[in-house]
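Here's the letter readout for the chains.
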Amino acid sequence: MWRKINVLILICLLVSFDKTEGRPIREKLPATPLKVILFLDPECPVTNAYMKEIKSIYADYSAKGVSFEAYFPMETITEKDIKAFLKKYNATFPGFPDPGMRKATRYKATVMPEVVLLNANGLVVYQGAIDNWFYALGKSRPKATELYLRNALEATLNDNPIMQSKTQAIGCLINMKLD
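Cut-off values and rules
Residues numbered from 1 in each chain as written. Predicted model: local features only at pLDDT ≥ 70, side-chain atom pairs only at ≥ 80, totals over all residues. Heavy atoms only, no water. Helix = DSSP H or I, 4+ residues; strand = E, 2+ residues; numbered from the N terminus. Buried < 20%, exposed > 50% of the residue type's maximum accessible area, 1.4 Å probe, protein only. Areas by Shrake-Rupley, 256 points an atom, 1.4 Å probe, with all protein chains shown as cover. Phe/Tyr/Trp six-rings, centres within 6.5 Å; stacked < 30°, edge-to-face > 60°. Polar contact = N/O pair within 3.5 Å; in protein donor to acceptor, adjacent residues only side chain to side chain. Salt bridge = Lys/Arg side-chain N within 4 Å of Asp/Glu carboxyl O. Disulfide = S-S within 2.5 Å.

1. With respect to the overall build of the protein chain
Scanning the protein chain for helices and strands turns up five helices and nine strands. In the protein chain, the order of α-helices and β-strands from amino to carboxyl end is α-β-α-β-α-β-α-β-β-β-β-β-α-β. By residue count, 38% of the 179 residues in the protein chain fall in the buried class. Accessible surface computed for the protein chain: about 11500 Å², of which carbon and sulfur atoms make up 58%.

2. Notes on the packing of aromatic side chains
Centre-to-centre distance and the angle between the planes together describe a pair of aromatic rings. A complete count under the given rule lists nine aromatic pairs for this structure. Seen from their ring centres, Tyr50 and Trp133 are 5.2 Å apart, and the 80° between their planes marks the pair as edge-to-face. Placement of the pair is Tyr50 in helix α2 (residues 45-62) and Trp133 in the loop between β6 (124-128) and β7 (134-136), with a sequence separation of 83 residues. Judged by relative accessible area, Trp133 falls into the partly exposed class, the value being 23%. Ring geometry for Phe85 and Tyr89: centres 5.3 Å apart, planes at 65°, overall edge-to-face. Residue Phe85 is classed as buried on the basis of its relative accessible area, which comes to 4%. Every member of this aromatic cluster is reached through a ring pair, and the members are Phe39, Tyr71 and Phe96.

3. A few points about the side chain of Thr156
Topologically, Thr156 is positioned in helix α5 (residues 148-157). Within the local environment of Thr156, its side chain forms a polar contact with the backbone oxygen of Ala152, the two atoms lying 2.8 Å apart.

4. Thoughts on the environment of Thr76
Position of Thr76 among the secondary structure elements: in the loop between β2 (67-72) and α3 (79-88). Residue classification places Thr76 among the exposed positions, given a relative accessible area of 68%. For the pair Thr76 and Asp98, spaced 22 residues apart in sequence, the C-alpha to C-alpha distance is 9.8 Å.

5. Structural notes on the pattern of salt bridges
Should the charged atoms of two oppositely charged side chains come close, the side chains can pair. Enumeration according to the criterion identifies four salt bridges in this entry. Between Arg150 and Asp60 there is a salt bridge, with the nearest N and O atoms lying 2.7 Å from each other. Remark: Asp60 occurs in helix α2 and Arg150 occurs in helix α5; sequence separation between them is 90 residues. When its relative accessible area of 14% is taken as the criterion, Arg150 is described as buried. Accessibility expressed as a relative area gives 34% for Asp60, which makes it partly exposed. Ionic pairing is found between Lys64 and Glu154, a salt bridge with its closest N-O pair at 3.1 Å. With Lys64 in the loop between α2 and β2 and Glu154 in helix α5, the pair connects residues that are 90 residues apart, well separated along the chain. Connected via shared salt-bridge partners are Glu53, Asp60 and Arg150.

6. Topic: the state of the cysteines
Evaluated as defined, the whole model comprises one disulfide. Across the disulfide from Cys44 sits Cys172; the S-S distance is 2.2 Å. Measuring handedness by torsion sign, the sulfur bridge of Cys44 and Cys172 sits at about 90° and is right-handed. Here Cys172 lies in strand β9 (residues 172-173) and Cys44 lies in the loop between β1 (35-39) and α2, a separation of 128 residues in the sequence. Taking the relative accessible area as the measure of exposure, Cys44 reaches 0% and is therefore buried.

Written out as structure tokens, the structure reads:
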């Protein structure tokens, strides 16, 4: 009886390891895609200014399997408003209202635009600004010098550590209800 159990254990061990690299086969299965959550406001000048870069990031990384979702955390926005905003910029990622601020509250988002990058396990690996183009409200550089979201995406896709996992986003405040 024990001999049969030992044989079964040995077979299971042989089957579960890749003979060429000695690592468990389950490590080689493709991970679920990363997800970028965007918090946006169609009436925010900073959001509008960033739409070109957001679309560029979407084009570059959706091709690599990264999914994108935009949330609009305001009480008065409708799905029609969101569709019109995305159409205005020819943005093809999905957009959703967040009138109860559930997503914004869950991720502790405070301004728009703000991004959250989730890894394959749904854990936040980066949150904050898209880049450092805006350094204060109403103040921007001619060009961004730090590409926070792109760097986080590259690091995560290449299984490298993220050098900066949190930054302060600059933009229009999300009006949270205080209880």
